[in-house]
Amino acid sequence: MAAGAENRETTKEALISLVVPVYNEQEVLAAFFARIEPVVAEIIATTDRVARAEVVFVDDGSTDRTAETILAHRSSVLDLKLVKLSRNFRKDNALAAGLMHAGGDAVIPMDVDLQDPPEVIGQMVSAWLDGAKVVNAKRASRVRDSFLKRTSSRMFYKIINRLSEYPIEPDVGDFRLFDRQVVEILNDMPERVRFMKGMFAWVGFAPVTIEYDRDERAEGESKWTYWKLWNFALDGITGSTTLPIRAWTYFGFCVAVLAVVSAVFLILRTLIFGIDVPGYASLMVITLFLGACNLIALGM
């Protein structure tokens with residue numbers, strides 16, 4: 001391991017992978033290539049260790065000419081890979097597929113719409129070359145977002161960080177850099193519903209954080225609706241913590257205690273005042289107790 005690290009420091013051999021999920025983004029691809037290629041060329045020219053760069057596009061079931069546009073592009077700077085999914089599996093699953101096919105020593109997920117400025121990549125690579133395993137790109141502000149989006153985002157991070165055992169840093173999206181070691185850990189995780197922000201937080205490693213100003217979309221429209229964002233938030237909360245499951249276990253124990261207390265009360269009441277409705281007391285106690293057992297079993 002030490003010999004390999006020493007060799008990497010003295011030879012120009014490192015590969016940088018950019019993982020870019022796309023879904024009906026044919027309009028913005030030309031602008032993306034025009035911005036990303038000069039940035040990558042400068043990194044290769046000015047960095048001792050970086051020899052090559054690749055872009056792994058993951059076509060998440062596009063219905064336009066996104067895939068054809070990517071395949072038609074020719075670049076002297078970038079190696080291009082295209083992973084074409086059979087249908088739309090949503091962004092986090094497309095991102096996971098891209099990480100599986102990325103071969104870089106450092107891997108950078110990013111959006112194709114240029115809201116993640118390619119110019120920040122140079123700073124991220126520099127931090128990685130200085131030894132960082134994870135480099136987060138954090139939005140300096142959300143002034144360009146609507147009031148509803150800013151408020152809902154703030155609430156989401158507050159709720160999930162209250163519930164989760166491993167906090168997710170607010171205003172850090174998928175735009176970040178991972179060392180190969182971190183990527184291998186992510187690829188080995190068996191989750192089927194992959195909430196990538198939660199998985200990024202779970203793997204640990206002390207991150208280096210770089211702040212940046214997020215740009216407007218270069219072309220096209222966002223594919224995220226508020227309904228999709230709501231479902232994404234639910235996936236995140238249920239996928240990042242076991243508290244919702246444990247809560248039902250606690251509730252079941254509370255109902256079981258209530259059933260015992262009710263049984264004692266109903267027995268004493270029957271002994272003192274007699275039977276009002278035959279079978280009511282025993283039926284109520286049994287129903288409460290069995291319901292509590294079901295809740296406890298469900299939680300377990």
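Residues numbered from 1 in each chain as written. Predicted model: local features only at pLDDT ≥ 70, side-chain atom pairs only at ≥ 80, totals over all residues. Heavy atoms only, no water.

(A) Summary view of the packing of aromatic side chains. Following the criterion strictly, the structure yields four aromatic pairs and no others. Relative to phenylalanine 57, the ring of phenylalanine 32 lies with its centre 5.9 Å away and its plane at 70°, an arrangement referred to as edge-to-face. Taken together, the residues phenylalanine 32 in helix H2 (residues 29-46) and phenylalanine 57 in strand S2 (residues 50-59) connect sequence positions 25 residues apart. Each member of the pair, phenylalanine 32 as well as phenylalanine 57, is classed as buried. Consider the rings of phenylalanine 175 and tyrosine 212, whose centres lie 5.7 Å apart with planes at 85°: the pair is edge-to-face. With a gap of 37 residues between them, phenylalanine 175 in strand S6 (residues 172-179) and tyrosine 212 in strand S7 (residues 208-212) connect regions that are remote in the sequence. Of the residues examined, phenylalanine 175 reaches a relative accessible area of 2% and is grouped as buried. With relative accessibility at 7%, the residue tyrosine 212 sits in the buried group. Over the aromatic face of tryptophan 128 sits the side chain of arginine 49, whose NZ or CZ is 5.1 Å from the ring centroid. Over the ring of phenylalanine 89 we find arginine 87, and its NZ or CZ is 3.9 Å from the ring centre. (Phe/Tyr/Trp six-rings, centres within 6.5 Å; stacked < 30°, edge-to-face > 60°. Helix = DSSP H or I, 4+ residues; strand = E, 2+ residues; numbered from the N terminus. Buried < 20%, exposed > 50% of the residue type's maximum accessible area, 1.4 Å probe, protein only. Lys NZ or Arg CZ within 6 Å of the ring centre and 35° of its normal.)

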